[in-house]
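Structure assessment
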Amino acid sequence: MRFFCTAGKGTEIFAYKEVLDKNFDMASFSEGRVYFQGCLAQIDRILQLRSVERAFALICHKDAEKYKRAITSVGEDDRPLKKQRCDEKTSFRVSCKCSGIWGRKVSSQLLAKQIGVKLNQIMKWRVDFRNPDIEICIQINDSHVSVGIPLTRIPLSKREYVRFHGLRGPVTWIMTSLLKMETYPATSTLLDPMCGKATILLEAAKNFKGVFCVGCDINQDQLKQAQENIKFANVEKCVELIRGDCTALPLCNSSVDHIVCDTPFGKKFSLNQTSTVFHASLLQEMHRVLRANGRIVLLVSEELHGIFQKAKEFTTSNTILPKTGTIETDIRKSVAPTDIQLKGTLHNDVTDSNAKDIPYSELDIQSKGSLHIASNKPDPVCFYEEFENKSHEVKGQEFIGGQGLSDQQKRTDVQSYKDNTDNELSLIASTSCATGKSIDQNQDDVVNFLSVLNLFEFESDHYIKLGETNSYIIVLKIKDKN
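All of the points below concern the structure found in this document. Keep in mind that what you see is a predicted model, and the values were worked out from it rather than measured. Sequence positions are assigned chain by chain, starting from 1 and proceeding in written order. Per-residue local features of the predicted model are confined to residues with pLDDT of at least 70, and side-chain atom pairs are confined, for both listing and counting, to 80 or more; whole-chain, interface and lining totals are unaffected and use all residues. To get the side-chain values, all heavy atoms of the structure are used, and hydrogens and water are removed first.

Structural notes on the state of the cysteines
- By convention in this document, the label disulfide applies to cysteine sulfur atom pairs within 2.5 Å. Inspection of the entire model under this criterion finds zero disulfides.
- Distance from the sulfur of Cys246, which forms no disulfide, to the nearest cysteine sulfur (Cys261) is 6.9 Å.

Things to note about the sheet that holds strand β11 (residues 239–243)
- Strands qualify as paired when DSSP identifies two bridges or more between them. Per the convention used, a helix needs a DSSP run of H or I reaching at least four residues, while a strand needs a run of E reaching at least two, with both numbered from the N terminus. The seven strands lie next to each other as β11-β10-β9-β12-β13-β17-β16, forming an open sheet whose pairing is mixed. Strand pairing shows two members of the sheet lacking a second neighbour, β11 and β16 (456–466), which therefore form its edges. Geometrically, the sheet is characterised by an average inter-axis angle of 15° between neighbouring strands, direction not taken into account.
- In terms of strand pairing, strand β9 (residues 188–192) meets strand β12 (residues 256–262) through two bridges, oriented parallel. Across the sheet, the residue bridging to Leu190 is His258, located in β12.
- Contact criterion: two residues are considered in contact whenever any of their non-hydrogen atoms come within 4.5 Å of each other. Here an angle of 0 to 180 degrees is reported between the N-to-C directions of two axes, which are lines fitted to C-alpha atoms, with helices fitted over the stretch in contact. Helix α8 (residues 220–233) rests against β10 (211–217) and β11 of the sheet, and its axis sits at about 170° to β11.

A look at the nonpolar core
- Ranked by internal contacts, the top residues of the largest apolar core, which has 37 residues, are Met175, Leu190, Cys213, Val235, Val297 and Ile473.
- Looking at this core, the elements that each hand over two or more residues are α6 (169–177), α7 (199–207), β10, α8, β11, β13 (290–301), β16 and β17 (469–478).
- When residues in this core are grouped by element, the largest group, five residues, is from α7.
- In this structure, Met175 is in contact with Leu167, Ile200, Val260, Cys261, Asp262, Val297, Leu298, Leu299 and Ile473, ignoring residues within four places of it in sequence.
- In this text, buried Ala, Val, Leu, Ile, Met, Phe, Trp, Tyr and Cys residues form a nonpolar core when linked through side-chain atoms within 4.5 Å. Only protein chains enter the accessibility calculation, which uses a 1.4 Å probe. A residue is then buried if its area is under 20% of the maximum for its type, exposed if over 50%, and partly exposed in between. Within the second largest apolar cluster, 36 residues are counted, among which are Val214, Leu251, Val256 and Leu290.

A short note on α6
- Within α6, eight of the nine residues are buried, which leaves it mostly tucked inside the rest of the structure.
- Inspection of α6 places Gly169, Pro170, Val171, Thr172, Trp173, Ile174, Met175 and Thr176 among the buried residues, and these make up the whole buried set.
- Check the buried side of α6 and you find it contacts α1 (12–21), α7, β12, β13, β16 and β17.

Overview of the packing of α7 against α8
- Where α7 meets α8, the axes come as close as 10 Å, and the angle between the chain directions of the two elements is 20°. As summarised for this structure, α7 and α8 are arranged roughly parallel, according to the angle between their axes. Between α7 and α8 lies a crossing of right-handed hand. Judged by residue contacts, Thr199, Leu202 and Lys206 of α7 engage Asn229, Ile230 and Ala233 from α8.
- Residue polarity is assigned by list, with Asp, Glu, Lys and Arg as charged and Ala, Val, Leu, Ile, Met, Phe, Trp, Tyr, Cys and Pro as nonpolar; anything else, Gly included, falls into the polar class. Looking at the contact of α7 with α8, its residues break down into three nonpolar, two polar and one charged. In these notes the angle categories are as follows: under 35 degrees is roughly parallel, over 145 is roughly antiparallel, 65 to 115 is roughly perpendicular, and the rest is oblique. Crossings are classed by handedness, with left-handed meaning an anticlockwise turn of the near helix from the far one by less than a right angle and right-handed meaning a clockwise turn.

Rendered as structure tokens:
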């Protein structure tokens, strides 16, 4: 017996891999769908798929060209429909989705209506749009026509253990699976520094054993809904919530093993600073609290993904970005949790009298002082010391250590390096300008952001379409913190 599952754009490869992992035969995938062979005894296993939207029993899967005349004739017969005597015991509805060229030529709603009328005439079934006994789903793309009957009334993507829904279930599953938590020790800690309704943490708590989840958010209303979700899912023992600023987390150094985050795109929740400045501060804080060999999975906007790609190019070309000073963050920026306390060694006592007036840079936080994201420009001669006894490739030229060169020659070489770098970053800076800032100031922000990204290894990126928004899942791994 053949089955197929629907999947969001960009998630098909993950659904396909999950189907293979569950040992289904004859698996294949196309845009928006994954097909495989199974039997009725395996339906429970099909319903356990986490990366799909809906699961169907496949009734028909034919070449679209064979139905070209029938599809394009939709709407030609405008005669009034005759009422048919129906079997009151059986109800049905037809849903149709046309994509590609057919989506532009044919009305999905009109096609579903005409197919429903024919079924009503042949089978004498009663039409019920709200609560039918049988739902027939027809999907038409440029290559195939698929007809299926869903295995469940409620989509698999709508998790039954989530009361207040946020990010779609398949996306939360993909993000948590990319952390590869199964490769870590029996117990590990997962942090979401902007947890919102905690839907990503619920996915991890429900599907990965031995993971203790920590959710942080500065919005009290979001935390209340997250707390209700945790109670509804019955995972209070393995999920804790704290209230705090994601750029100044009330957590100790090297206290978590994994980090996952749905970062703001600037649409639903606005930022009071540029995206590059905010994400530089966020990644800096992630680096501080993440243990060695830790992994980060981020959901980012298309614009920010372009900057990540540029950072990857800098890393692979062995280009060293200039160190531009340090940032100092006051520990009091964190909002100390009131009614929600974090257990164990993760909780940093921000109420200690000795720490009230001490900035991060003066505490025992070594990684904080080694990050270079402020905008103070270095002296070219000092900057040149970065390249002593080294060879670095910059835009096809070789940048050689400068023994025996005068200070003026060093300044000339460094200016040439800076010009090459500026040309690479000018377009990025112009697309992420903050109001009231010049292009040069925004370009400095981008350089600072790239310097923070150099603390991580870029593992992979994956395109995901969320509604009408293009987005990307990015996987980073922390470099050696020693």
